[in-house]
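One letter stands for each residue in the lines below.
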Amino acid sequence: MDKGFFFERNLLALSRFDPSLCSRLSGAETTRGRYKFIESRSGESIPALVDSSGAAHPLHSLVDPRKEGTRLVSTLGSDGTDPGFLIIFGLGGGFHVEAALERPGTEWVTVIDFDIHGAAELLSSREYIGIFNDPRFRLLLDPSPSILEQHLLDRYKPGICGGIALLPLRTRTDIGRQLFTEATRVIKSAIDTVSADYSVQAYFGKRWFSNIIRNLPQAEQSLPALPPIRSAAICAAGPSLDFQIPLLCETRKKKERPFIIAADTALPSLLSAALEPDAVISIDCQHISYYHFMAGLPERTMLFLDLASPPLVASRSARPYFFSGGHPLTRYLSRHWRPIPELDTSGANVTYAALSLAEYLGARNIELYGADFSYPAGVTYARGSYIRGLFENRQNRCASLETLHSAFLYRTPLSKQNSEQDYWYYETKALAMYRRRLEDKVRSIAAGAATQVSAIPGMGAPINLEAASREDGVPETKEAPNSGVTPFPVPIRRETPAGSGGVYRLFASGKASMTAREFLHKYRNGIESLPVLAGPVQPYLTALSREENTIFTTLLPSIAAIKHRLPDSDIPGVVQAVREYSIKELDKVLKGMR
């Protein structure tokens, strides 16, 4: 049969789900001789890749390639896992891909190959229509590391896809070893990111959902838009804050004093030093964050809260300013109920969120106090902080204050570091990661506006802000948080021009399209109306309307949480359990709003 006939039919099928790749392939050449084609004993056309010396290497069995493909796919899960997300190196004749899609439990298949002209020759040799028409399949040709990584971050959802496995077509990968080795490195990095993100969702997904819907009644009130600020002082709760507070007090005497933003952990330390911040920000969904407010919240201090924060914390202020940390439910209600400011909380720590808030409010000069991101001389937090007060109250003859602090300090592996200024500190992997994310955040701020960020010298790990600001480009911060923070950044900003030519961002929620009760009732009915999932997830999602897809997305963190609690349940069973849980929680809230 004419090669052009196969090529056109394959492109037509491919255009259904990937028109951009179809467009690229339409301009590729099919006569460069990248492949030779050999007929197998079973009558199938087998592609043989031609190497630089002219030798042809068959990619499949010359006896029965379909049987070989089935045998190759059957090796998946031999280690006791049941991967639903498959990454295949090499398209070849597609026999192994067909077997992968026919395998029970396969939720998604991504095939990665290199050399678009070679791929065009493959598409001219036989039909791939059955593969290309499957909504669970995507083909990546010559992907850059960033495109490959983003594809996996967007597509791989452990809660609905299960495990992930890599299946190489050996002959193909042996000839393109360097390219596939680099792809393997990118895949491992992306999996680490997704896995860390998933672990957070598994622990906090239900709590996020519960907190968000219970905060809506208070988030319904209208608050005045905040005026822009020129400078900000961000206070973290590192031990260096103890001797930096006097410096901060001096800045308040200046004519243009900074707007003080305290991390929730630093609030009691500042209050114990008789220093009232202008604002406090909290992003943790865990109820333990309430203890940072046990000393009270000054009347003039504004409280900024992630919508996923505990309602108990929100109750500390009569008029809290809520924002979205990027949770899909908060984005949904921001589009369908009332627009809510969105802050970048991807740094997974409250100091990072405070920096995002200062940036959002238009600060052009930002100073960091108490941002140690380490334990200087083995000290964990500043005086007056919740944890230090807790240990002071709990100490007794059997558990001294030093014993309690040591147990807290050594709960995770530590690395002792010495600074050039002749002091030392302990550092953990998590704290080092938070510091690097903050440095990346400074880089992104410096790239987009004339904002200066400086750290007041302390006794902790040095923050390399100067080096970060000199680097070109804005890195993507994709590492997932490992605390009760919503790990879904992408700021949405409401902006108004500034007289100086810069941009001031108004921190204010938009007008509500309905009451909070009406929204929650509509959302509840939307969840109840979702079709029942009875098979693979991707065809199910493809069949959903845009609105149904969006509602399903809001449930993903809860799916991760319930999947973690029901590891032996299949995906349809987990999704049904999440629907029942969500409706039950919404009914409780709606009943209390009557």
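Further remarks concern the sheet that holds strand S10 (residues 279-282). The parallel open sheet is built from seven strands, whose spatial order is S12-S11-S10-S9-S8-S13-S17. Each of the sheet's edge strands pairs with one partner strand only, and the pair in question is strand S12 (321-323) and strand S17 (452-455). Neighbouring strand axes in the sheet, compared pairwise and without regard to direction, differ in orientation by 20° on average. In the packing of helix H11 (residues 241-251) onto the sheet, the strands contacted are strand S8 (231-235), strand S9 (259-263) and strand S13 (365-369), and the crossing angle to S13 comes to about 150°.

Turning our eyes to something else, we now look at the pattern of salt bridges. Under the counting rule described, the total for this entry stands at 22 salt bridges. Residue aspartate 115 pairs with arginine 34 through a salt bridge whose shortest N-O separation is 2.5 Å. Here the residue aspartate 115 occupies a position in the loop between strand S5 (108-113) and helix H5 (116-123), and arginine 34 occupies one in the loop between helix H2 (19-26) and strand S1 (35-39), the gap between them amounting to 81 residues. On the basis of relative accessible area, aspartate 115 is assigned to the partly exposed category, the value being 24%. The closest approach of N and O atoms between aspartate 278 and arginine 257, which form a salt bridge, is 3.1 Å. A residue pair is termed long-range when its members are at least 10 positions apart, and aspartate 278 in the loop between helix H12 (267-272) and S10 and arginine 257 in the loop between H11 and S9 qualify at 21 residues. Given the relative accessible area of 35%, arginine 257 is considered partly exposed.

This brings us to the packing of aromatic side chains. A complete count under the given rule lists 27 aromatic pairs for this structure. With a centroid separation of 6.1 Å and an interplanar angle of 55°, the aromatic rings of phenylalanine 5 and phenylalanine 6 are classed as tilted. Judged by its relative accessible area of 36%, phenylalanine 5 is partly exposed. Linked through ring pairs, Phe209, Tyr332, Trp337, Phe519, Tyr523 and Tyr581 together constitute an aromatic cluster. Cation over ring: lysine 206 sits above tyrosine 581, and NZ or CZ is 4.8 Å from the ring centre. Its guanidinium or amino end placed over the ring of phenylalanine 408, arginine 411 lies 4.0 Å from that ring's centre, counting from NZ or CZ.

Criteria and thresholds
Residues numbered from 1 in each chain as written. Predicted model: local features only at pLDDT ≥ 70, side-chain atom pairs only at ≥ 80, totals over all residues. Heavy atoms only, no water. Pairing = 2+ DSSP bridges. Helix = DSSP H or I, 4+ residues; strand = E, 2+ residues; numbered from the N terminus. Axes fitted to C-alpha atoms, helices over the stretch in contact; angles between N-to-C directions. Contact = heavy atoms within 4.5 Å. Salt bridge = Lys/Arg side-chain N within 4 Å of Asp/Glu carboxyl O. Buried < 20%, exposed > 50% of the residue type's maximum accessible area, 1.4 Å probe, protein only. Phe/Tyr/Trp six-rings, centres within 6.5 Å; stacked < 30°, edge-to-face > 60°. Lys NZ or Arg CZ within 6 Å of the ring centre and 35° of its normal.

Honestly, that's just the spatial picture; any functional story needs more than this.
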